[in-house]
Amino acid sequence: MITLEQVKQEIHNWTKNYLDVPSDHYNGHKPCPFAKKTLDNNEHRIEVSAESPARWYQEFAEDDKKIYIIAYPPDMIGLGDAVEELNLKWAEDDVWGIAFEPSDDVPEDDTNDPDQWGSVTDESYPMLLIQSLSETNNLSLSLEKKGYYKNCSSDFMQQFKARKELSKCQDA
């Protein structure tokens, strides 16, 4: 079983050694140019949980943190489907979730290798990131203008466009 300390260390290592390092895949930009500042300014909450994602959406909506990162047990299945369904509801409250589920697929960015960025556990586990929908879209728009998404897959871009459209529907 993964521990909170392991997850916190992995998030720190992933941020420092991957998310905050310029990448050819992201057209010379950092994979997540906002992650380090968010961690450095303690604008995040990291948890290990087996509880429903809905519980965390509600808590996030009532908190002042910019992002929640929830690690789930390695054997959890269906997180992506649950998050997709919750996003339809929670977008009304400007809350957005992103599910990361372990897979055997080759990552789009080959520099996103746990051995390179400093994984501290051999277990792969699903994660849920919860953040503001409007802030996510605003930051994504600024990155899009810089060519950030140039090398992203068509699947990723479809999700990106669907998120923007959902946000537009909420604004109307």
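Before any of the text, the structure's been laid out above.
The model shown is predicted, which means the values in this text are computed figures rather than measured ones.

### Concerning the sheet that holds strand β4 (residues 127-132)
Neighbouring strands of a sheet are bound in pairs by backbone hydrogen bonds; such pairs are parallel or else antiparallel.
Thinking step 1. Taking strand neighbours across the sheet as the criterion, the four strands line up as β1-β2-β4-β3 in an open arrangement whose pairing is mixed. Of all strands in the sheet, those bounded by a partner on one side alone are β1 (44-48) and β3 (95-100). This sheet shows a mean twist of 15 degrees between the axes of neighbouring strands, independent of strand direction.
Thinking step 2. Bridging between strand β2 (residues 67-71) and β4 involves five bridges; their strand directions are antiparallel. Bridging across to β4, I69 finds its partner in L129.
Thinking step 3. On the sheet, helix α3 (residues 53-61) packs against β1, β2, β3 and β4 and is oriented at approximately 30 degrees with respect to β4.

### Regarding helix α1 (residues 4-19)
Thinking step 1. When α1 is considered as a whole, its buried residues turn out to be V7, E10, I11, N13, W14, T15, Y18 and L19.
Thinking step 2. Taken together, the buried residues of α1 touch α2 (35-40), β1, β2, α5 (114-117) and β4.

### Overview of the side chain of H25
Thinking step 1. Looking at where H25 falls in the secondary structure, it is placed in the loop between α1 and α2.
Thinking step 2. Judged by relative accessible area, H25 falls into the buried class, the value being 11%.
Thinking step 3. Those residues in contact with H25 that sit more than four places away from it in its chain are E108, D109, Y148, N151 and C152.

### Quick word on the pattern of salt bridges
Thinking step 1. One pass over the full model with this rule turns up nine salt bridges.
Thinking step 2. The closest approach of N and O atoms between E59 and R45, which form a salt bridge, is 2.2 Å. Of this pair, E59 sits in helix α3 while R45 sits in strand β1; the two residues are 14 residues apart in sequence, bridging distant segments of the chain.
Thinking step 3. The closest approach of N and O atoms between R55 and E51, which form a salt bridge, is 2.8 Å.
Thinking step 4. Given a relative accessible area of 32%, R55 falls into the partly exposed group.
Thinking step 5. For E51, a relative accessible area of 39% translates into the label partly exposed.
Thinking step 6. Put simply, R45, E47, E51, R55 and E59 are held in one network by salt bridges that share partners.

Each value, and the rule that gives it
- Residues numbered from 1 in each chain as written.
- Predicted model: local features only at pLDDT ≥ 70, side-chain atom pairs only at ≥ 80, totals over all residues.
- Heavy atoms only, no water.
- Pairing = 2+ DSSP bridges.
- Helix = DSSP H or I, 4+ residues; strand = E, 2+ residues; numbered from the N terminus.
- Axes fitted to C-alpha atoms, helices over the stretch in contact; angles between N-to-C directions.
- Contact = heavy atoms within 4.5 Å.
- Buried < 20%, exposed > 50% of the residue type's maximum accessible area, 1.4 Å probe, protein only.
- Salt bridge = Lys/Arg side-chain N within 4 Å of Asp/Glu carboxyl O.

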